[in-house]
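Listed below are the residues making up each chain.
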Amino acid sequence: MNFSYYGIINAKKYPQQEFLVELTPSKGQRRFLTWKDFNEQTNKVANYLQKELGVQKGDYILHLQMNSLEWIVTFHAILRVGAVAVPLNFRFASMDIKYAAEACNPKVFILGDGFLPKVQPVENELKSVISYICIGKNIPNNMVSYDEIMENSSPEDVLVEVDGEDPAELMFTSGTTGPPKPVCQAHENLYQIGIGNALTYGEGHETVYLAPHPFYHSGSFFLSFPSYLAGGKIIILLELNN
C-alpha cells in the first residue's frame, strides 16, 4: 500500500480535526492544517506533479526545506504519485546538493526560497531536473511558485498504487567518515516503522507529537508516523527558547 494513503483515510474520518500545527512562539504565530486541509493541499501538489510535470512512478524528487507545514505536504504529495522523495539536509552546501542529485537523477526539485543561494550556483549542473517548485515569496522567474499551485491545482484525490517494496524515500547519512550515503526506505518500511514506534511508545489517535528536530533526519520524522497513521496531531516547533 502507498504510505500516503493514510492521509486520504484520515481526511475522511477526521476532516475537521487539526493534524499539523506550526508554532513560532517569539512571534505569536500559529499555522495549522486540518486533515481535510492537509489532504487537499497534498492532492494539489500531487496533481501538479503528475499532470503538469509528467512525474511518474519511480521518479526522484529533491526536497530541501526547513520544517514547516509545506515540508509535510510536499513529502506526501511526492509519495502520492508513486515518486521517491529525497529530503536533503538543510546544512548541505551547493556541492553536497549536486552530489545528491548525481546519486538519483531527480526530475523535480522542491525547495524553500531560503535555499536559493545554495541551489542557484549549481542549478545549471543539475541536468536531470526539468522543473523547480519554490516555496516562499522570493520566486525566480524560472521556477514555479508553490502558492500558485495552491491557487490553481486540483484538490481531487490522486494515489498511484505501489508495491510494499517500492521505494518511497531516499535519505542521506551525515557523512561523518566520507560523503553522505543514500539510504532507501520502501513504503512498507515506513509503515512498519510507524507501527513499531506506536507499540514502543504507546502512541495512537490521541497522541500529540512535538517535532522540534529537522524532518530530513529519520530520528525526528519517523517518530511522527504513529500520529500520522492513527489520525493524531503533529506540532512543528520552529524555534526553541527559554
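These numbers were taken from a predicted model, which means no experiment stands behind them.

Draft legend 1. Examining the overall build of the chain more closely. The number of helices and strands found in the chain is nine helices and 11 strands. The C-alpha atoms of the chain give a radius of gyration of 17 Å, which matches the 18 Å a tight globule of 242 residues would have. Seen along its three principal axes, the alpha-carbon backbone of the chain occupies a region of about 45 × 40 × 40 Å. Counting over 242 residues, the chain shows a buried share of 55%. Taking the intrachain contacts of the chain between residues at least 6 apart in sequence as the baseline, contacts between residues at least 24 apart amount to 69%.

Draft legend 2. Molecular detail of helix H7 (residues 187-201). Helix length check: H7 (15 residues) gives 21 Å between terminal C-alpha atoms against 21 Å at 1.5 Å per residue, within 8%. Restricting attention to buried positions, one finds in H7 the residues His187, Leu190, Gly194, Asn197 and Ala198. Taken down its axis, H7 places every buried residue within 100° of arc, on the same side. Among the exposed residues of H7, those pointing more than 90 degrees away from its buried face are Leu199 and Thr200. Buried residues belonging to H7 abut helix H3 (69-80), strand E8 (167-172), strand E9 (182-186) and helix H9 (225-230). Downstream of H7 by a residue or two, Gly202 has a phi angle that is positive, lying close to 65°.

Draft legend 3. Fine view of the pairing of strand E3 (residues 60-64). Within E3, four of the five residues are buried, which leaves it mostly tucked inside the rest of the structure. Here E3 pairs with strand E4 (residues 84-87) via four bridges, running parallel. Looking at E4, one finds that Leu62 is bridged to Val86. Of the crossover connections in this fold, the one passing from E3 over H3 to the parallel E4 is right-handed. Bridging between E3 and strand E5 (residues 108-112) involves four bridges; their strand directions are parallel. By the bridge assignment, Leu62 is partnered in E5 with Phe109.

Draft legend 4. Molecular detail of the packing of helix H1 (residues 5-13) against helix H2 (residues 35-52). Running from amino to carboxyl end, H1 crosses H2 at an angle of 140°, the nearest separation of the two axes being 8 Å. On the basis of their axis angle, the class for H1 and H2 is oblique. Judged by the sense of rotation from one axis to the other, the crossing of H1 with H2 is left-handed. Where H1 approaches H2, its residues Tyr6, Gly7, Ile8, Asn10 and Ala11 are matched on the opposing element by Trp35, Lys36, Phe38 and Asn39. When grouped by side-chain class, the residues that make up the contact of H1 with H2 number five nonpolar, three polar and one charged.

Draft legend 5. Representation of the packing of H2 against H3 within the structure. For the pair H2 and H3, the least separation of the axes is 8 Å and the interaxial angle reads 55°. In terms of orientation, H2 and H3 fall into the oblique class. You can see that H2 and H3 cross each other, and the crossing is right-handed. Only Ile72, Val73, Thr74, His76, Ala77, Ile78 and Arg80 of H3 make contact with H2, whose side of the interface consists of Phe38, Asn39, Gln41, Thr42, Asn43, Val45, Ala46 and Leu49. A breakdown of the residues in the contact of H2 with H3 according to their chemical character gives eight nonpolar, six polar and one charged.

Draft legend 6. Geometry of the side chain of Asp59. Secondary-structure assignment places Asp59 in the loop between H2 and E3. Within the structure, Asp59 has its side chain in polar contact with the backbone nitrogen of Gln56 (distance 2.7 Å). Among residues more than four places away in sequence, those in contact with Asp59 are Gly54, Ala83, Val84 and Lys107.

Draft legend 7. Region of interest: the environment of Glu169. Summarising the element assignment, Glu169 is placed in strand E8. Overall, Glu169 belongs to the buried group, its relative accessible area being 0%. Considered as a pair, Glu169 and Phe38 are 131 residues apart in the sequence and their alpha carbons are 20 Å apart. Excluding residues within four positions of it along the chain, Glu169 makes contact with Phe75, Val84, Ala85, Pro87, Val183, Cys184, Gln185, Leu190, Phe221 and Phe222.

Draft legend 8. The arrangement of the pattern of salt bridges in detail. Per the stated rule, a full pass over the model turns up 10 salt bridges. Across the salt bridge formed by Lys36 and Glu40, the nearest N and O atoms sit 2.9 Å from each other. Taken as a pair, Lys36 and Glu40 lie in helix H2 at a separation of four residues, close to a single helical turn. The exposure class of Lys36 is partly exposed, given its relative accessible area of 35%. Between Glu102 and Lys98 there is a salt bridge, and its shortest N-O distance comes to 4.0 Å. One end of the pair is Glu102 and the other is Lys98, both in helix H4 (residues 94-104) and four residues apart, which spans about a single turn. Residues joined by salt bridges that share partners form a network here, namely Glu18, Arg30 and Lys233.

Cut-offs used in this document
Residues numbered from 1 in each chain as written. Predicted model: local features only at pLDDT ≥ 70, side-chain atom pairs only at ≥ 80, totals over all residues. Heavy atoms only, no water. Helix = DSSP H or I, 4+ residues; strand = E, 2+ residues; numbered from the N terminus. Rg over C-alpha atoms; globule rule 2.2 N^0.38 Å. Buried < 20%, exposed > 50% of the residue type's maximum accessible area, 1.4 Å probe, protein only. Contact = heavy atoms within 4.5 Å. Expected span 1.5 Å × (residues − 1). Arc of directions from axis to C-beta. Pairing = 2+ DSSP bridges. Right-handed = clockwise from strand over helix to strand, strands pointing away. Axes fitted to C-alpha atoms, helices over the stretch in contact; angles between N-to-C directions. Parallel < 35°, antiparallel > 145°, perpendicular 65-115°, else oblique. Left-handed = near helix turned anticlockwise from the far one by under 90°. Nonpolar A, V, L, I, M, F, W, Y, C, P; charged D, E, K, R; others polar. Polar contact = N/O pair within 3.5 Å; in protein donor to acceptor, adjacent residues only side chain to side chain. Salt bridge = Lys/Arg side-chain N within 4 Å of Asp/Glu carboxyl O.

Shape is all these values report; function is a separate question.
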